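Overview (structure and organization)
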Amino acid sequence: MSKRNIRKVAVLGSGVMGSRIACHFANVGCEVLLLDIPPKEGNDRNAVANEHLAFALKSNPSPIYDKRFAKRITTGNFDDDLAKIKDCDWIIEVVIERLDIKQQLLAKVDQVRTPGTLITTNTSGIPIHAIAEGRSDDFRRHFCGTHFFNPPRYLPLLELIPGPDTDPAVIDFLEEYGSRILGKVAVRCKDTPAFIANRVGVFGIMGLFHLVEEMGLTVEEVDRLTGPVLGRPKSATFRTADVVGLDTLIKVAKGVQENCPDDERNALFAIPDYLRKMEENGWLGSKSGQGFYKKDKGKDGKSEILQLDLKTLEYVPQTKPKFDTLAKAKDVDDVRARMAVLYGGTDKAGEFYRKSFHALFAYVSHRVPEISDDLYKIDDALRAGFGWELGPFELWDAVGLAEAMAGMKEAGIQVADWVHELLKAGHNSFYKLENGERLYYDVSGKGYAPVPRAEGTIVLSELPESSIVWQNKAVKVHDLGDGILQVGWSTKMNTIGAEVIQGLNKAIDLAEQDYKGLVVYNDGANFSAGANVGMIFMMAVEQEYDDLEMAVRTFQNTMMRMRYSAIPVVAAPHQLCLGGGTELCLHADKVVAHAETYMGLVEFGVGVIPGGGGTKEFALRLADELKEGDIRINRMRERFLTIGQAKVATSGHEAFGLGYLRTGQDEVIVSRAHQLAHAKACALELWNKGYTKPAPRKDIQVLGQEGLGIVHVGANSMLSGHYISEHDALISEKLGYVLCGGDLSEMTEVSEQYLLDLERKAFVELCMQRKTLERLQSIITTGKVLRN
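The structure reproduced in this document is the subject of the present report. (Residues numbered from 1 in each chain as written. Predicted model: local features only at pLDDT ≥ 70, side-chain atom pairs only at ≥ 80, totals over all residues. Heavy atoms only, no water.)

With that out of the way, let us pick up the packing of aromatic side chains. In the structure shown here, the tally under the stated rule is 29 aromatic pairs. Seen from their ring centres, tyrosine 343 and phenylalanine 357 are 6.4 Å apart, and the 5 degrees between their planes marks the pair as stacked. In this pair, tyrosine 343 sits in helix H14 (residues 335–343) while phenylalanine 357 sits in helix H15 (residues 348–367), placing the two residues 14 residues apart along the sequence. When its relative accessible area of 2% is taken as the criterion, phenylalanine 357 is described as buried. The interplanar angle of 5 degrees and the centroid separation of 4.8 Å between the aromatic rings of phenylalanine 361 and tryptophan 396 together place this pair among those described as stacked. You can see phenylalanine 361 sitting in helix H15 and its partner tryptophan 396 sitting in helix H17 (residues 392–399), a full 35 residues away along the chain. Accessibility expressed as a relative area gives 0% for phenylalanine 361, which makes it buried. Among the aromatic residues, those joined into a cluster by ring pairs are Tyr343, Phe352, Tyr353, Phe357, Phe361, Phe393, Trp396, Trp418, Phe430, Tyr441 and Tyr448. (Phe/Tyr/Trp six-rings, centres within 6.5 Å; stacked < 30°, edge-to-face > 60°. Helix = DSSP H or I, 4+ residues; strand = E, 2+ residues; numbered from the N terminus. Buried < 20%, exposed > 50% of the residue type's maximum accessible area, 1.4 Å probe, protein only.)

Set out below in structure tokens:
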């Protein structure tokens, strides 16, 4: 692979995709030049790019990790600033999806770019070879398609589409850079219509658009059947269509139908009558205020979400449909095991799953080798681009290859010949795991080959069984090699209960005996949503306060073991990292947080304060940064409000500003694929530097009454202004009491154990409150925080 450094990037086109792509390059530290057309009127020549960027930065969810990073983006216009691209290492064209406009702009780019620099297009379907026609030899060698998915920060798919003259080294570089630096799942595609993800994903959506008519299902029923239960996003099918925009889906579907006349399912890409009428009415989804769903005010004045009746095209109330198959699948946590339950359903839902699965399985079988020679790339693209937990071939394996083939034969559905050959050869799956290596069926080679992995990555699910050194029902401890252990758990929302506490302690025991370090990491959807609220509620409602006190003490002791063990502990969180999950990170020697880590001490909303050492740790960190005068009080107020307002960082980088991560000690990594290997390297580095078991702190300076006065005044002011409830005021006073070290007459040095004792006492006392029990019950039964 050729050595390149990407320091400066030019993004040509500042629309929805361009501005957000610019933000993501700024996220990873690049200097970005964002250009667009100059306005027809006005004095601000960069108005178009400026307005688009400002709109993107205000959008929710944000395209930028930290608002400060936006300063890395400079705006300009094509007429005055195009020559500046000569200083850029990578130029990305992201203008409107029209071949003539792209060609006109790139002809100008060809005249001013520095030879050897990368030049790519973000088209979602225009043939790459057509866009490059007429360009110089050097341009064509360094040109390819880089199809980012919207929103670029959150959807990890990056499709790489080489043209006929693209230097293979360019694709090699972009694949490695996309994975390691941009945090993408980089998938090499052929230059075929809609490439991979949209070709298959839009087929799936269009198939459901037709199936809903065939089976007489409602919009709400289909979304109930195709959401999280299927391992798909909560927006499911029709809500996703509303978010993406019906006009966009229709455009892609028409493109496939027009450009793929030999596609055996070409007719399925035809637009159903109801969809055509919706387009005519301007019901395009979220962008127009209504689509398959519409927000309306009911007779009682409250807002409600109505669904579209596809037969009458009138909006009607939702009915919360129920199916026996979904009831049976509800308690099956493992997504692969759940698929077999869905496929075998005997009601209307089961029929729906068999019809939709069969159509998908047959379709992807015929796309090999048309859109990809390798079936794993199709799975990678759908997981990364559409948020599916299982790609089509992985889903087929979960249902059962032979079982599904029998069902399709009975239904008269034709599958590609290579699948029949696979079965005849005695194979019964598309994937298998051998000696810690994941293999896929190579169609051209008629045998199994390793699924390629980015260099320097560790895939936890592919480690051999022999790497497991200890486990219980919830926890596994793996030997990662080189003297480093990994501990992770798998519970609902990865909450922390008794078995997890047991596993964490056992992992430290093992590491201290025979290893050099420990990494806390898991490959679930979330790092941890915090402590097991149900367990706390049961002990509180049964008034088992001694048991509750002991449970909290055990949690605190476990966190302190993380801090004061004989080996370095590195926490590697991702996605939700709340409550107890954040407390664990606060006590690690180092945190390697994924960029998409949402950390927060959110216990206040439950009616308590952080009781696993989180409040203590904030008091400790406050003491380490205390300064004289107003600054000291201001810093205390910031720490107090972070917990009191249950602030959650919207990125790993934002966690530094909230005090959850430590500047100069903790770090953020953009690539989820590289996170575990990097965390392991960090643990090893700490050990090799001569890690010594630290001593518990006894020099924590607390504010005492000076701080308590500020807390009481603030709480009373908020209460009298009706901004908080009496219970919130009580929690505030308990929180302030711990943060300030109790009712001490002057600033005093105290120990960690002293603060832990205060914290635990406050936690248990709050659990005795009726209002707290009501909040706990609300979270357990509805998933929502009760404001009482």
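Now that the structure has been shown, we can carry on.
Here the bond from asparagine 150 into proline 151 is cis, since omega is 0 degrees, no more than 30 degrees from zero. Residue proline 369 follows valine 368 across a cis peptide bond; omega there is 10 degrees. One non-glycine residue, alanine 194, adopts positive backbone phi at about 65 degrees. At asparagine 494, a residue that is not glycine, the phi angle is positive and equals roughly 50 degrees. Within the secondary structure layout, asparagine 494 lies in the loop between strand E17 (484–489) and helix H20 (498–514).

Attention now moves to the sheet that holds strand E4 (residues 90–93). Spatial ordering of the open sheet is given by E3-E2-E1-E4-E5-E6-E7-E8, a layout of eight strands whose pairing is mixed. Of all the strands in the sheet, just strand E3 (73–77) and strand E8 (185–188) have a single pairing partner and so form its edges. Across the sheet, the axes of successive neighbouring strands diverge by a mean angle of 25 degrees, strand direction being ignored. Relative to strand E6 (residues 143–148), strand E5 (residues 118–121) runs parallel, the two being bridged by three bridges. Its bridge partner being in E6, isoleucine 119 is matched across the sheet by phenylalanine 143. Across the sheet, helix H1 (residues 16–27) touches strand E1 (8–12), strand E2 (31–36), E3, E4 and E6, and the angle it forms with E2 is around 170 degrees. Helix-sheet contacts for helix H16 (residues 375–386) involve strand E7 (157–162) and E8, and the interaxial angle to E8 is about 140 degrees. (Pairing = 2+ DSSP bridges. Axes fitted to C-alpha atoms, helices over the stretch in contact; angles between N-to-C directions. Contact = heavy atoms within 4.5 Å.)

Spatially, seven strands are ordered E15-E16-E17-E18-E19-E21-E23 in an open sheet, and the strand pairing comes out mixed. Of all strands in the sheet, those bounded by a partner on one side alone are strand E15 (468–471) and strand E23 (667–669). Neighbour-to-neighbour, the strand axes of the sheet open up by a mean angle of 25 degrees, direction not taken into account. Each of E15, strand E16 (475–481), E17 and strand E18 (517–520) is contacted by H20, which is oriented at about 175 degrees to E17, the strand it contacts most.

Position of glutamate 93 relative to the elements: it lies in strand E4. The exposure class assigned to glutamate 93 is buried, which follows from its relative accessible area of 0%. Within the local environment of glutamate 93, its side chain forms a polar contact with the side chain of threonine 121, the two groups lying 2.5 Å apart. If we skip the residues at most four places from it in the chain, glutamate 93 touches Leu12, Lys102, Leu105, Leu106, Thr120, Thr121 and Asn122. (Polar contact = N/O pair within 3.5 Å; in protein donor to acceptor, adjacent residues only side chain to side chain.)

Across soluble globular proteins, nonpolar side chains have a tendency to be buried as a group. In this structure, Phe292, Trp396 and Trp418 are the most contacted members of the largest nonpolar core, which totals 118 residues. Looking at which element gives the most residues to this core, the answer is helix H8 (residues 197–215), with 11 residues. Listed in part, the 115 residues of the second largest apolar core include Leu158, Ile508, Phe555 and Ala571. (Core = buried A, V, L, I, M, F, W, Y, C linked by side-chain atoms within 4.5 Å.)

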